[in-house]
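# An overview of the molecular structure
Residues per chain are reported as follows:
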Amino acid sequence: MKLTSRQERLLKLTFIDYTQMEDFVKAPLILNKAEGLYYWDADGRRYFDAIGGVFVALLGHRHPRIMEAMRKQMEQMTFTPPLHAISDIALDFVEKLGSITPGSLDYVKPFSGGSESTESALKFTRQYHRQTGHPGKYKFISFYTAYHGATFGAMSASGTGKRKTKFEPQMPGFIKAFPPHWYRDMFPSPADATRHAARMVEDLIINEDPETVAGLLVEPISNTGGIATPAADYFTLLRQICDRHNVTLIFDEVITGYARTGQMFAAQTFGTTPDIICAGKGLSSGAIPLGAMMARAEMAGAFLGSTHSESQFAHGHTFAGNPLGAAVGLAVIEEILEKNLCEKARTLGALLANKLEGLKKFGVVREVRGKGMLLGVELVKDLTSNEPFDALGMALKKTALANGLIMRINPNWFAVAPALIAEPADIDELYGLIEKSLREALAEVRP
Ligand SMILES: Cc1ncc(COP(=O)(O)O)c(C=O)c1O
C-alpha cells in the first residue's frame, strides 16, 4: 500500500496494538471493507481473513443475522443505566448463554471484552472466598506463555514475558507455573509431560499454603503459547487438584469458546467443567465489543444477602451488558445452534488440519495442533534439533500479506482460525494461499 501524507502523519499519532509504528508505516495495512471471509484494503485489494481479525469474526464479517439483530435493537434502545436497570434483551442473553455452558455455569455477567471478563473473574473469585469462610485465599496460579488480557490483574496473570515486564512490578499474589508443552522434550510421551505439569501445579498450591490460593486460571488452548493443546487428562487432573484444595478453576475461553473447538466451549471438548468461564472475541463475531463471565450458580449464591450484608459483587463497567451487545450475542448463539456449527467446526477443522499436515513436506513443520477450527503450525529449522525457525515466520509475515492472506504469525508458529461460515472450497483456497506463502518464505530464507 502507498500511504498519503495525511495517513502517514496520522499513523504516528496513534498505534496498532503491540506494534512498532516506524515499522508499520513501512508496510502499512489500512482496511476499508469486510464481508464474510474477506477484508479489502484502502486500495481495493482483497485479503483472505484466516484468523477472523484476531479470533473474533466467528461467523465472518457483517453476518446478515447479526446486522438484522443490531438494526432491530437500535430501533428500540441502545443503552440501559447500569446502576439502576437491566434490559429484557440482556436477560434473554443471560438465559441463552447460561443454557450453552457446561454444568451449572448459568450465572452470567456480560462485559465489553476479554480483559474485562478475566479481570472480573479474578475479583469475583477473591470476593467469593472471602464470603465463604476463606478470607485468606487471594493468590492466583496461572501459566507462563499464557495471555489473559491487558489490564493490570489480567496482565499479572499473563505469562507473556516482555509484554508485561515493561510494566512491572505486577500485582502481588500472582504465581506462574509452566504449561505441559514447555518441558515436552524431556518426557517420553505427552501423557508424562502432562502428569508432570499437573503435579507441579499441585506442589505450588501446597507450598504456597492452600488457604492462601484462590484460583487457577488457564486457557484450554493457548494462542500465545503457540496454539498449545494439552492432552484432555491434563484438565481432569487440574479439576481434581482444585477440588482437593478448594481452588476455583477458571477457564479463559476468550478464544476457545462458541463452537470454535468443536463444542460450545473447550471445557466440553476436553470433558472438564470449570467453576468459571471467561468469554469475549467471537461471542459478538466482531460486530460490537462483548465479553462475559459465567460462573457456577452455587457460587453466585454467596453474593446474595441483605442490604447490610454488603455481599453483592462489588464490581461493574459502564458498557457491560448493554442491549446492543446482548442482541448481538444472542444472534451469534442462535446461529451456532441453528446451523449446528459445532459439528461444522469439527468436520471442516479435520479437513483443514489434514491439509496443513501436507506442509510437513517442506521439512520445517514440527507439529500441526489445535482442535476444531483453531489450529496452529509450529516451524522449526530441522526435525532433529527442533530449533525454532523465527526467520521463516518473519518472512512468512511478508509473503502472506503480499499474497492477500491475514494470519497470526508469532514467529516460530502460525495460527489459522477461519470463520465457521467457510465451506470446503474456502478451505482449499486458504490452504493454497498458506502453501504458496510458506514456499516463498522458505525460498527467501534458504535461497
Ligand atoms: C485468551 C485471551 N484472554 C483474554 C484476552 C483479552 O481480551 P481483550 O483483548 O478483548 O481485552 C485475549 C486477547 O487476545 C485472549 O487471547
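Above this text is the structure in question.
Predicted, not measured: the structure shown is a model, and the values here were computed from it.

### What to know about the site of the ligand
Around the ligand, the neighbouring residues are G113, G114, S115, Y147, H148, G149, E219, D252, V254, I255 and K281. D252 places a polar side-chain atom, nitrogen or oxygen, 2.7 Å from a nitrogen atom of the ligand. A distance of 3.0 Å separates an oxygen atom of the ligand from a polar atom in the side chain of K281. Relative to its free-state accessible area of 390 Å², the ligand is covered by the protein chains to the extent of 79%. Among the residues making up the shell around the ligand, the classes are represented as three nonpolar, five polar and three charged.

### Structural notes on helix 10 (residues 232-245)
With 14 residues, helix 10 extends 21 Å from end C-alpha to end C-alpha; this agrees with the ideal 20 Å at 1.5 Å per step. Buried within helix 10 are the following residues: Y234, F235, L238, R239, I241, C242 and H245. An end-on view of helix 10 places all buried positions within 165° of arc, on one side of the element. Facing away from the buried side of helix 10, by more than 90 degrees, are the exposed residues D243 and R244. Structurally, helix 10 contributes buried residues whose contacts are with strand 5 (139-143), helix 9 (190-208), strand 7 (213-218), strand 8 (248-252) and helix 11 (266-270). Positioned one or two residues after helix 10, N246 has a phi angle of 50°, which is positive.

### Side note on the sheet that holds strand 3 (residues 46-49)
Spatially, the four strands line up as an open sheet ordered 1-2-3-13, and their pairing is mixed. Unpaired on one side and paired on the other, strand 1 (31-35) and strand 13 (405-406) mark the two borders of the sheet. Alignment of strand 2 (residues 38-41) against strand 3, held across three bridges, turns out to be antiparallel. Residue Y38 lies in a different strand from strand 3, and its bridge partner there is F48.

### A few points about the layout of surface pockets
One number sums up the size of the second largest pocket: a volume of about 730 Å³. Lining the second largest pocket are 26 residues, with P82, I86, Y107, K109 and H315 sitting closest to its centre. Only helix 5 (88-100) and strand 4 (107-111) provide two or more residues apiece to the lining of the second largest pocket. For the lining of the second largest pocket, the element with the highest residue contribution is strand 4, accounting for four residues. Looking at the lining of the second largest pocket residue by residue, the classes come out as 17 nonpolar, eight polar and one charged.

What counts, and where the lines are drawn
- Residues numbered from 1 in each chain as written.
- Predicted model: local features only at pLDDT ≥ 70, side-chain atom pairs only at ≥ 80, totals over all residues.
- Heavy atoms only, no water.
- Near = heavy atom within 4 Å.
- Polar contact = N/O pair within 3.5 Å; in protein donor to acceptor, adjacent residues only side chain to side chain.
- Areas by Shrake-Rupley, 256 points an atom, 1.4 Å probe, with all protein chains shown as cover.
- Nonpolar A, V, L, I, M, F, W, Y, C, P; charged D, E, K, R; others polar.
- Helix = DSSP H or I, 4+ residues; strand = E, 2+ residues; numbered from the N terminus.
- Expected span 1.5 Å × (residues − 1).
- Buried < 20%, exposed > 50% of the residue type's maximum accessible area, 1.4 Å probe, protein only.
- Arc of directions from axis to C-beta.
- Contact = heavy atoms within 4.5 Å.
- Pairing = 2+ DSSP bridges.
- 1 Å grid on protein atoms, 1.4 Å probe; cavity = no way out; pocket = protein on both sides within 12 Å on 5 of 7 lines; lining within 4 Å.
- Points joined across faces, edges and corners; volume = space filled by probe spheres on them.

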